[in-house]
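The chain contents come next:
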Amino acid sequence: MAYAVDIDSLNPAQREAVLTTEGPLLVLAGAGSGKTRVLTFRIAHMVADLGVRPWQLLAITFTNKAAAEMRERLSSLLPEGTRGMWVCTFHAMCVRMLREDADLLGYTGQFSIYDDDDSRRIVRDIMQALSIEQKQYPINMIRSKISAAKNAMIGPDEMSDRASSPQEEKAARVYAELERRLRAANAMDFDDLLVRTLELLRSRPEVLEKYQERFRYISVDEYQDTNHVQYEIANLLAAKYKNLMVVGDDDQSIYSWRGADISNILDFEQDFADAKVVKLEQNYRSTGHILSAANAVVRHNSQRKDKRLFTAAGDGEKIQAYQASDERDEGRWIASEIDKLHDGGTPYDDIAVFYRTNAQSRILEDMFLRAGVPYKIVGGTRFFDRAEVRDVMAYLKMVVNPADEMSVKRVINTPRRGIGSTSIQKIEMLAASNRCSFFQACELACAETGMFSAKVRNGLADFVNIVRRGRRMDGELKDAVEAIVESAGLVQAYRSEGTMEAEGRAENIQEFMGVAAEFEESHEDIEGTLESLEELRAAGVGDVPQPAPASTLADTPFASSAAQAASEIERTYGPLACKALPALMEWLALRSDLDALSGQSSAITMMTIHSAKGLEFPAVFVAGMEEGIFPHVAGFGGEDAAKLEEERRLAYVAITRARKRLFLTYAATRRTYGSTQANPRSRFMNEIPDEDIEFSGIGSSGFSGTGWEKRGDRRGTFGSGQGSDMYGGRVFGSYTRSTGGSGASAGSYDSFFGVAGTERHRGVSPDAGRKPATFGSGAARPRQQKASAPVEQRRPDAARAAEVFAVGDAVSHKTFGAGTVISVDGDMIEVQFEKSGKTKKLMKGFAPIVKL
DNA sequence: CTCCGAGTAGTTTTT
DNA sequence: CTACTCGGAG
């Protein structure tokens, strides 16, 4: 048989996976084993060779980005098109299904989606209302308990019955109120999207049937990251035809703390007795040393399916380990190594720096800035998480769904309209006594002369009008958004503040409107749209079957207040004229990261290890390889083995991102939360075989694997001995163990100081001992003269240092673009950048900035 | 109602 | 150390 896809380019295991199109299939895909290729080839094969119609296919991914990538690869494999194929995340799929049949659950199709921040706020409000002390019952604890209950399909009542602790009892009460409010607001949080879909599929056989019949072939990527509800949904959808393919790697399960359940993948063979299992163990990504290190580390986990990646590629370069004196030195060393790589022809785009926690990015960022290494940060505080942007979004959400109490309350007094918490409370009472939505109560309040002052009533009237006018806006999405923002008066309010910060916020809002305009353009194409069969038929897509007779449902079991309130509002304020607005809101709610927005400029990538999953880079740095940081404090101490294993999987993920070069760094001392601590080197580094790794920096290779080091590790004396004693000026003098066991390390110091090896004890006086402190924070690395050179070169040169900056000066930064100086303090200047809106403190002369 | 200061918490995160 | 939240004073 001649295949439309190049089946010969696959290895036997991959080929088997691609050709197994019928029945349940579990693909255990190790890191870098070509799993995306298998996934896309398999689908392309089905469509091009086996006559499966694109609309019969459902491919679920974990992130929007992965979905977009897959769609792209599929459309290049399938020139005849992929229209009707659903390639999306679980959440996007659920939203699509819920929009269509929300009325069966007592919601309207216009329901709002509450993201994490919204959900947090509402829980906080509820806890306040129920006077539950946040001190005693931390909000995140309550939220995770509720989330766990939701995902176990346990309702508030049942949770209350089962509550075995005061925490759970309180959580159940919050849960009950949360449900009530979400329903009343016609809103769903991220958990609800999944849970309600499962509810829909379970309670409505005709709906389930519709999708079971349509989606004959289902594949789920990153199966190890699915939670219980997602697992149920997938199984339900596939229950009829059993053509379910799941792809995953138990070694890369790093989201259990978020409800991901590894047992989903481990138990697949039990769920489907006749499941075929294919293991993809050949790695096409990394070189030998890197792969060997990854294998060695992950082998320390007990809870895993045994597999071992192998590669046909050569050993490649050894992993470079570097012990820095402190976190600043670490950043500097990484910067200088990046410089070397770049000089050697590696583009910045091929380099990534990973860290365990976002907090670590600061110092690294700072050091890169000074060294002139261009970087971009993935994750962290994102554009769409900025308060002012969220405010705009809340206005838009409110216009789309005025019952959305959360959004209404968020912006009712932003910008200031003189409506404070007492007025809001009164409106709440009004809403309760009139049994109407909060928003309708706002309107009632305008007429209530007795209850509110004229000032408040005027403010409310303005506010209510925003919705009235907003809903009438038709035409271009961009214009509608602009009109709503305009009538909200946000930009004007910021502009009149006159501060640089407010100006930045105003600019962010402008930028947001640019995003909206962009969305309208890119939204035109049908690609990526999840169409129903009806829509496909209407669009003239051939051989789409007749739908099952429409389920005429007079008996909506939930005559819910949400639906009533929503339709009430529809009647009162008229239908929403701008149809693109809900689509924009949905896209915003389910957005992944804004990597599309960050330009294509050449820069290294900085991100947490979690966000690095699924990516690969020719050169990878992992910073902060220290006990307490990675594995993070929560994971060690012994008692929680499962947590430690997850940290180890995280290490596995980090290591396996690297194709050719891997650098692991750790610092002898590190400032965290203001105090300095000395952390021993990460146990994960010790799990890497000696032949795969090379140590350098203070206390280099001769140390590894010697007995004393392990003894030191436990007490943390290794780090503190090297680090703090060094600063105390007693590097070699009193540190007897190091003189005995560390020839290589001493050697490196010796060559640095130019002291003969045999004389080092006498030669280094306490006074001279301070020098290492200089070396630690000054030059990059003792042994290689060259290494320190790049940093050295970036010393403030005369011209740069002489440049005078004044507040208000326009400047341009190599990485951050244009900005304005907002303060000057000696050699430090603070600059606000236009693009990011962020302010940064920069060192005059070091930072790559020029006055415009 | 707003503003300012003290106090405190402080993994990982896509949807 | 810092960013954010809460509570009290104006």
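Just so it is clear, the structure is predicted and the values come from calculations on it, not from any experiment.

## Structural notes on the confidence of the model for chain A
And step 1. Taken as a whole, chain A shows an average pLDDT of 80; of its residues, 79% reach a score of 70 or greater.
And step 2. Ignoring residues within four places in sequence, the model shows residues 594-598, a span with pLDDT below 50, making six contacts including any to other chains.
And step 3. A low-confidence stretch, residues 701-802 stays under pLDDT 50, and its non-local contacts, those more than four residues away or across chains, total 140 contacts.

## Things to note about the protein's contact with DNA strand C
And step 1. As a structural note, the neighbourhood of DNA strand C is formed by Arg-124, Gln-134, Arg-362, Tyr-673 and Gly-674.
And step 2. Here the atoms of DNA strand C within 4 Å of the protein split so that 56% fall in sugar or phosphate, with bases taking the remainder.
And step 3. At a separation of 2.5 Å, a phosphate oxygen of DNA strand C approaches a polar side-chain atom of Arg-362.
And step 4. Here the surface near DNA strand C is built from residues that sort into one nonpolar, two polar and two charged.

## Quick notes on helix H9 (residues 190-203)
And step 1. In this model, H9 (14 residues) spans 20 Å end to end at C-alpha, consistent with the 20 Å of a helix rising 1.5 Å per residue.
And step 2. By the N-cap criterion, in which a side-chain oxygen at the helix start approaches the backbone nitrogen of a residue two or three places on, H9 is capped by Asp-189, the distance to Asp-191 being 3.1 Å.

## What to know about the sheet that holds strand S11 (residues 319-324)
And step 1. Spatially, S13-S14-S12-S15-S16-S11-S19 is the arrangement adopted by the seven strands of the open sheet, whose pairing is parallel. In this open sheet, the two edge strands, each paired with only one partner strand, are strand S13 (375-377) and strand S19 (693-697). Each strand axis lies, on average, 20 degrees off the axis of its neighbour in the sheet, ignoring direction.
And step 2. Bridge count between S13 and strand S14 (residues 604-608): three bridges; the pairing is parallel. Looking across to S14, one finds that Tyr-375 is bridged to Ile-604.
And step 3. Taken strand by strand, helix H15 (residues 327-343) contacts S11, strand S12 (351-355), S14, strand S15 (617-622) and strand S16 (658-667), and its axis lies near 155 degrees from that of S16.
And step 4. Of the strands in this sheet, S12, S13 and S14 are in contact with helix H16 (residues 361-371), which crosses S14 at around 170 degrees.

## Topic: the pairing of S14
And step 1. For S14, the buried fraction is high: five of the five residues fall into the buried class.
And step 2. Here S14 shows a buried face lined by Ile-604, Met-606 and Thr-608 and a second buried face lined by Thr-605 and Met-607.

## What to know about the packing of helix H4 (residues 90-101) against helix H10 (residues 205-214)
And step 1. Closest axis-to-axis distance for the H4/H10 pair is 12 Å, and the angle between their directions is 135 degrees. Classified by the angle between their axes, H4 and H10 sit oblique to one another. The two elements H4 and H10 meet at a crossing, and its hand is right-handed. Contacts between H4 and H10 pair Met-97, Glu-100 and Asp-101 from the former with Val-207, Lys-210 and Tyr-211 from the latter.
And step 2. Here the contact of H4 with H10 is composed, by residue class, of three nonpolar, no polar and three charged.

## Let's talk about the pattern of salt bridges
And step 1. Following the criterion strictly, the structure yields 56 salt bridges and no others.
And step 2. In this structure, Lys-240 and Glu-209 form a salt bridge, with 3.4 Å as the shortest nitrogen-oxygen distance. On the criterion of sequence distance, the pair formed by Lys-240 in the loop between helix H11 (228-238) and strand S7 (244-248) and Glu-209 in helix H10 is long-range, its members being 31 residues apart.
And step 3. Classification of Lys-240 by relative accessible area gives partly exposed; the value is 38%.

## With respect to the packing of aromatic side chains
And step 1. Tallying each qualifying case throughout the model produces 18 aromatic pairs.
And step 2. Ring centres 5.8 Å apart and planes at 45 degrees place the aromatic pair Tyr-255 and Trp-257 in the tilted group.
And step 3. When its relative accessible area of 56% is taken as the criterion, Trp-257 is described as exposed.
And step 4. Through a chain of ring-to-ring contacts, the aromatic side chains of Tyr-322, Trp-333, Phe-621 and Phe-663 assemble into a single cluster.

## Details of the UniProt feature "binding site: ATP" (unreviewed entry) in chain A
And step 1. UniProt marks Ala-29, Gly-30, Ala-31, Gly-32, Ser-33, Gly-34, Lys-35 and Thr-36 with the feature "binding site: ATP" (unreviewed entry), using the numbering shown here.
And step 2. If you trace the backbone, Gly-30 turns up in the loop between strand S1 (25-29) and helix H2 (35-50).
And step 3. Residues contacting Gly-30, with those up to four places away along its chain left out, are Asp-249, Gln-252, Leu-280 and Leu-309.
And step 4. Among the structural elements, Ser-33 can be located in the loop between S1 and H2.
And step 5. When its relative accessible area of 1% is taken as the criterion, Ser-33 is described as buried.
And step 6. Setting aside residues no more than four positions away along its own chain, Ser-33 makes contact with Gln-14, Leu-280, Gln-282 and Tyr-284.

Reading the values: the criteria
Residue numbers restart at each chain and count upward from 1, following the sequence in its written direction. Each chain takes a letter, starting from A, and each ligand takes a number, starting from 1, following the order in which they are written. Local features in a predicted model are, by the rule used here, given only for residues with pLDDT of at least 70; side-chain atom pairs are given and counted only at 80 or more, and totals for whole chains, interfaces and linings are based on all residues. Water and hydrogen atoms were dropped before computing side-chain values, which therefore reflect all heavy atoms in the structure. The pLDDT value tells you how sure the predictor is about a given residue, anywhere from 0 up to 100. Contact definition: two residues touch when any of their heavy atoms are within 4.5 Å. A single heavy atom is enough: if one lies within 4 Å of a molecule or strand, its residue is considered near that molecule or strand. Whenever two N or O atoms come within 3.5 Å, that pair is a polar contact, provided that in protein one can donate a hydrogen and the other can accept it, and provided that, for residues adjacent in sequence, both atoms are side-chain atoms. By the convention adopted, Pro, Cys, Tyr, Trp, Phe, Met, Ile, Leu, Val and Ala count as nonpolar, Lys, Arg, Asp and Glu as charged, and the other residues, Gly among them, as polar. Per the convention used, a helix needs a DSSP run of H or I reaching at least four residues, while a strand needs a run of E reaching at least two, with both numbered from the N terminus. Expected span of a helix, by definition, is 1.5 Å for each gap between consecutive residues, and there is one gap fewer than residues. One bridge is not enough; two strands pair if DSSP finds at least two bridges between them. Angles here are taken between N-to-C directions and fall from 0 to 180 degrees, while the axes themselves are lines fitted to C-alpha atoms, restricted in helices to the stretch in contact. When a residue's accessible area, from a 1.4 Å probe over protein chains only, is under 20% of the maximum for its type it is buried; when over 50% it is exposed; and in between it is partly exposed. Convention used here: angles under 35 degrees read as roughly parallel, angles over 145 as roughly antiparallel, angles from 65 to 115 as roughly perpendicular, and any remaining angle as oblique. By convention the crossing between two helices is left-handed if the near helix lies anticlockwise of the far one by an angle smaller than a right angle, and right-handed if it lies clockwise. Only one rule defines a salt bridge in this text: a Lys or Arg side-chain nitrogen within 4 Å of an Asp or Glu carboxyl oxygen. Classification of ring pairs uses Phe, Tyr and Trp, with its six-membered ring standing for Trp, and accepts pairs whose centres are within 6.5 Å; under 30 degrees between planes counts as stacked, over 60 as edge-to-face, and the remaining range as tilted. UniProt positions are given in the numbering used here, feature names are shortened, and annotations may be inferred rather than shown by experiment.

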